[in-house]
Amino acid sequence: MTVLVFGGSSQIGRYLLPLLAARDEPVMVLSRTAHASTDGVTWLSGQLPDAVPRVDDVSAIVSFGPLNWFAKWLSTATLPHAPRVIAVSSMSAESKRASEVSVERDLSQLIRDSEAELAEACARHGSAWTVLRPTLIYGAGMDKSLTPIAQRAMRLKVFPLPAAGGMRQPVHAQDLAHAALAALDKPASAGKVLAIGGGEQLTVGELFARVRRSLPVDTLPLPLPAWLLRLGRRSVAGLRGPLSRLEADLVADNTEMTRLLGVQPRPFRPDADCWRS
C-alpha cells in the first residue's frame, strides 16, 4: 500500500519524507516541479486541485499544501481503500476570526470551511482523518514569518525589536512532522482537529530577541516603541492586521495533542540553521 503526500517539498515535508521512507512502504509525493526520486520516495508531477495523477492502492494521505485545494480534490477523488488522511491547517482559523482586517477574517472562515469540507469528504470515503492546527512554524528557513525577518536583519545588520507583550508559541517543523507521523498510527486521533504549538510560550519581545541572538552575524538592535507600532497600525493599511496582533496571545494548548499523539514539541531555542533554506 502507498502513502500519498501533498506538499512534500514544504518545510514540514522536508522532515517527514525521510521518516516515511524509513517505514519501508512506498511513498508517492505530488509536486508542481520535477524532483529526482530516491529510495522509497517517488515524485509525481501534478497540482492540486484538478491535476493530480491517479495513484492506486493508497493507504494514507498526508497534506501540507493549501487546505482548501486539498479538500476540493478529496471531495472528488476516487479512493477505494478509505485511506487515513492527515492534513495541516492553521491556527489562523481562530486567531484571525475577529481580525480588524476583512481579508484576514475571510481567510479564517476559508480555513474553517475547508476543514469542514475535508471532514465531509472523508466521511463519504469512509476515511479516518486528523487535522493539525499549528502555531507559528519555523526551523527549515522556509517560513514566511520569522525567516524573512532574520534574513533581512543579516543583510542590513539591523534587527527590529518591537515593544509588544503578546505571547507566542513557535513550533519546529520537525516536531510537526513527528506529529503527522504519529497521527497515522494513532486511531484515537481520528476525527480530531488538534492544536499544536511549541514546547514554550514567550512574549513577542523575547521571541524577537532570541531570533536575533541566533544569527551568525552581529546586528544593531532597533527598538520599536509601542507608540510607533500604534502609529503604523493606524497609518499603514497592510500592517494593521499584523500589528494589531502583537499584544494578542497566539498560543495553543498542547494537552490533547500530546495525550493522543505522544509528541512533546521542543522549546524555542533557534540557531543559525533555522534561517537557512
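Just above, that's the structure.
Caption draft 1: Molecular detail of the overall build of the protein. Within the protein, the regular secondary structure consists of 10 helices and 13 strands. Relative to the globule expectation of 19 Å for 277 residues, the C-alpha radius of gyration of the protein, 20 Å, shows essentially globular dimensions. The buried share of the protein, taken over its 277 residues, is 49%. Of the accessible surface of the protein, which amounts to about 13100 Å², a share of 53% is contributed by carbon and sulfur atoms. Placing the 31 positive and 26 negative side-chain charges of the protein at their respective mean positions leaves the two points 7 Å apart.

Caption draft 2: Spatial organisation of the packing of helix α8 (residues 226-235) against helix α9 (residues 237-244). Contact pair α8 / α9: the axes reach a minimum separation of 6 Å and the direction vectors enclose 135 degrees. Relative to α9, the element α8 lies oblique. Of the residues in α9, those touching α8 at Leu229, Gly232, Arg233, Arg234 and Ser235 are Ala237, Leu239, Arg240, Leu243 and Ser244. Residue composition of the contact of α8 with α9, grouped by class: four nonpolar, three polar and three charged.

Caption draft 3: Expanded view of a nonpolar patch on the surface. A cluster of nonpolar side chains, Trp227, Leu228 and Leu231, forms an exposed patch at the surface whose accessible area comes to about 290 Å². Assignment of secondary structure puts Trp227 in helix α8.

Caption draft 4: Looking closely at the nonpolar core. Grouped together as the largest cluster of nonpolar side chains are 33 residues, with contacts concentrated most on Val5, Ile12, Leu20, Val62, Leu132 and Leu261. Residues within four places of Leu261 in sequence aside, it is in contact with Leu132, Ala179, Ala182, Ala183, Lys186, Ser189 and Leu194. With 22 residues, the next largest nonpolar core counts Leu4, Leu44, Ala87 and Leu118 among its residues.

Caption draft 5: Main features of helix α2 (residues 67-76). What α2 keeps buried is the set Leu67, Phe70, Ala71, Trp73 and Leu74. Looking straight down α2, one finds that the buried residues subtend no more than 165 degrees of arc, so they occupy a single side. Buried residues belonging to α2 abut β1 (2-6), β4 (58-63), β5 (84-88) and α4 (102-125).

Caption draft 6: View of the pairing of β5. Counting buried positions along β5 gives five out of five residues, so the element sits mostly inside the fold. The alternating pattern of β5 places Arg84, Ile86 and Val88 and Val85 and Ala87 on opposite faces, both of which are buried. Both β4 and β5 contribute to a ladder of four bridges, which runs parallel. Paired with Ser63 across the bridge in β5 is Ala87. Read from β4 through α2 to β5, the crossover connection turns out right-handed. Here β5 pairs with strand β6 (residues 129-134) via four bridges, running parallel. Across the sheet, Val85 pairs through a bridge with Trp129, a residue of β6.

Caption draft 7: Quick look at unusual backbone geometry. Pro49 follows Leu48 through a cis peptide bond whose omega is 5 degrees. As for its position among the elements, Pro49 is in the loop between β3 (41-45) and β4. Positioned with a positive phi, Ala82 is a non-glycine residue whose angle comes to about 50 degrees. Among the secondary structure elements, Ala82 is positioned in the loop between α2 and β5. The class for Ala82 is partly exposed, based on a relative accessible area of 27%. The backbone of Lys157 sits at a positive phi, close to 60 degrees, despite the residue not being glycine. Take Lys157: it is sitting in the loop between α5 (146-156) and β8 (158-162).

The rules behind each value
Residues numbered from 1 in each chain as written. Predicted model: local features only at pLDDT ≥ 70, side-chain atom pairs only at ≥ 80, totals over all residues. Heavy atoms only, no water. Helix = DSSP H or I, 4+ residues; strand = E, 2+ residues; numbered from the N terminus. Rg over C-alpha atoms; globule rule 2.2 N^0.38 Å. Buried < 20%, exposed > 50% of the residue type's maximum accessible area, 1.4 Å probe, protein only. Areas by Shrake-Rupley, 256 points an atom, 1.4 Å probe, with all protein chains shown as cover. Lys, Arg positive; Asp, Glu negative; His and termini not counted. Charge placed at Lys NZ, Arg CZ, Asp CG, Glu CD. Axes fitted to C-alpha atoms, helices over the stretch in contact; angles between N-to-C directions. Parallel < 35°, antiparallel > 145°, perpendicular 65-115°, else oblique. Contact = heavy atoms within 4.5 Å. Nonpolar A, V, L, I, M, F, W, Y, C, P; charged D, E, K, R; others polar. Patch = residues over 30% accessible without salt bridge, like charges linked within 9 Å, V, L, I, M, F, W, Y side chains within 5 Å. Salt bridge = Lys/Arg side-chain N within 4 Å of Asp/Glu carboxyl O. Core = buried A, V, L, I, M, F, W, Y, C linked by side-chain atoms within 4.5 Å. Arc of directions from axis to C-beta. Pairing = 2+ DSSP bridges. Right-handed = clockwise from strand over helix to strand, strands pointing away.

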